[in-house]
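Chain and residue survey
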Number of protein chains: 2
Amino acid sequence: MTEDDAARHREKMQKRKAVQDAEVAGKTVEKGLLMVHTGSGKGKSTAAFGLALRMLGRGRPVGVVQFIKGAWSTGERGPLEALSVPPWPGLEWHSMGEGFTWETQDRDRDVAAARRAWEKVLELMARPGLGLLVLDELCIALRYDYLPVEEVVAALVARPATLHVVVTGRNAPPALVEAADLVTEMKLVKHHFSAGVKAQEGIEF
Amino acid sequence: MTEDDAARHREKMQKRKAVQDAEVAGKTVEKGLLMVHTGSGKGKSTAAFGLALRMLGRGRPVGVVQFIKGAWSTGERGPLEALSVPPWPGLEWHSMGEGFTWETQDRDRDVAAARRAWEKVLELMARPGLGLLVLDELCIALRYDYLPVEEVVAALVARPATLHVVVTGRNAPPALVEAADLVTEMKLVKHHFSAGVKAQEGIEF
């Protein structure tokens, strides 16, 4: 790069930095966010557990309630268990689901499990100082009408001012999207399952 | 739910389970995947670090190379450092970037930093037993032509058969998407920055 080119690049980037700095300075509100990870792509729960990791690193405790998946059987278990004890601020994990609806084959049981999970959420929301609450696959429980959307959204909106909540699952209901601060759709562009590749340890579970 | 309804539900779910089981049984290939997290939404890097957590939990070491961001300053640092020592399989983190291009304001320096980062990637790819390699913001380095796309894609395609690689960043180049096994677009549906909310500890960093 010639000296002239370098100078032009520097000038352009100085302007860009000024715009960027002004943008950051204009944002002043701090609040607990209601976040939703939805869509049919991968990464909805994985990104939520990534947030849990980040929040633990910032010294605030984290709660996790799983609405569909049952017993802990994923790779996160060990590392997150290790981060559940001092000096870490604490992580509390509740797997309250009993599996997907085609596994339980019993709708009344599914509804009862979702209700128990929801009661655990209300208990955790009342916990002083909690930094982040991960509500894994709550969208699925709402989608199958295991819980009334209005009741759930009203309680999430009334959360403590400093509590961040992340809700995952396909088909986020419109009322939840409406109430949320941040909604990300994980969109499937290309998937190896369609090429006959199976779910692998450390990646899918 | 009446007994008839319950029986109908059960029958429907049994059929669904049979379909599901057959689908799973049809997938037999095991291989290290080339994954891409792209799009303008949140969660690209966060989900990649979530995968790192999962892979560590499965007992295989993880490497991270950051192409743009400089010094570790995010919440993941502490927890992932704690998971970098025994009994954990080990995590090696290299922040090789010097910040965004409007911060460095020096293109030659950006190109040199990307080249150093890429050399670190080649070194890690040759490391026997590595389970996952996170190439954070590599798409940005490709987008600004800090590195030639063909060279990068060719090396990624030639990776060891059991090594999973996840590449993050906006604007994934078509040649990378073409070569990948799994591509997810994190799509912004709604963002709190547009409501004046600032980046907050434990969430954005």
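Residues numbered from 1 in each chain as written. Chains lettered and ligands numbered in written order. Predicted model: local features only at pLDDT ≥ 70, side-chain atom pairs only at ≥ 80, totals over all residues. Heavy atoms only, no water.

For chain A, the name recorded in an unreviewed UniProt entry is Corrinoid adenosyltransferase, with Teichococcus aerophilus as its organism. On record in UniProt, under Sequence similarities (unreviewed entry), the comment for chain A is "Belongs to the Cob(I)alamin adenosyltransferase family." The UniProt entry for chain A carries the following text under Subcellular location (unreviewed entry): "Cytoplasm". (UniProt positions renumbered as here; feature names shortened; annotations may be inferred.)

When the UniProt feature table is mapped onto this chain, "domain: Cob(I)alamin adenosyltransferase N-terminal" (unreviewed entry) is found at residues 1–24 of chain A. The straight-line gap between the two end C-alpha atoms of residues 1–24 of chain A is 31 Å; of that span, 92% is helix and 0% is strand. (Helix = DSSP H or I, 4+ residues; strand = E, 2+ residues; numbered from the N terminus.)

Take unusual backbone geometry next. All names here are of chain A. In this chain, Pro86 is followed by Pro87 through a cis amide linkage whose omega measures 5°. For Pro87, the location among the structural elements is in the loop between helix H3 (77–82) and strand E3 (91–95). The backbone of Asn171 shows a phi angle near 55°, a positive value even though the residue is not glycine. With respect to the helices, strands and loops of the structure, Asn171 is situated in the loop between strand E5 (164–168) and helix H8 (174–179).

Attention now goes to the interface of chain B and chain A. The interface of chain B with chain A comprises 75 residues on the first partner and 75 residues on the second. Regarding the contact of chain B and chain A, the summed buried area is about 7000 Å², with carbon and sulfur atoms giving 61% of it. Of all residues in chain B, Arg54, Arg58 and Trp102 of chain B give up the largest surface area on contact with chain A, accounting jointly for 12% of the area buried on that side. Across the pair Lys198 of chain B and Glu30 of chain A runs a salt bridge, and its minimum N-O distance is 3.5 Å. If you look at where chain B meets chain A, you find 24 residue pairs in polar contact (both at pLDDT 80 or more). Secondary-structure elements contributing two or more residues to the side of chain B that touches chain A are helix H1 (3–25), helix H2 (44–57), helix H3 (77–82), helix H4 (101–104), helix H5 (107–125), helix H8 (174–179) and strand E6 (182–190) of chain B. With ten residues, the single largest contributor to the side of chain B that touches chain A is H2 of chain B. Of the residues that constitute the side of chain B that touches chain A, the class distribution is 30 nonpolar, 22 polar and 23 charged. (Contact = heavy atoms within 4.5 Å. Buried area = accessible area lost by both parts, 1.4 Å probe. Salt bridge = Lys/Arg side-chain N within 4 Å of Asp/Glu carboxyl O. Polar contact = N/O pair within 3.5 Å; in protein donor to acceptor, adjacent residues only side chain to side chain. Nonpolar A, V, L, I, M, F, W, Y, C, P; charged D, E, K, R; others polar.)

Attention shifts here to the side chain of Asp181 of chain A. Along the chain, Asp181 of chain A turns up in the loop between H8 and strand E6 (182–190). Engagement of the side chain of Asp181 of chain A in a polar contact is seen with the backbone nitrogen of Leu34 of chain A, the distance being 2.8 Å. Of note is the side chain of Asp181 of chain A, whose polar atom sits 3.4 Å from the side chain of Arg159 of chain A. Residue contacts for Asp181 of chain A: discarding those within four places in its chain leaves Lys31, Gly32, Leu33, Leu34 and Arg159 of chain A together with Lys190, His191 and His192 of chain B.

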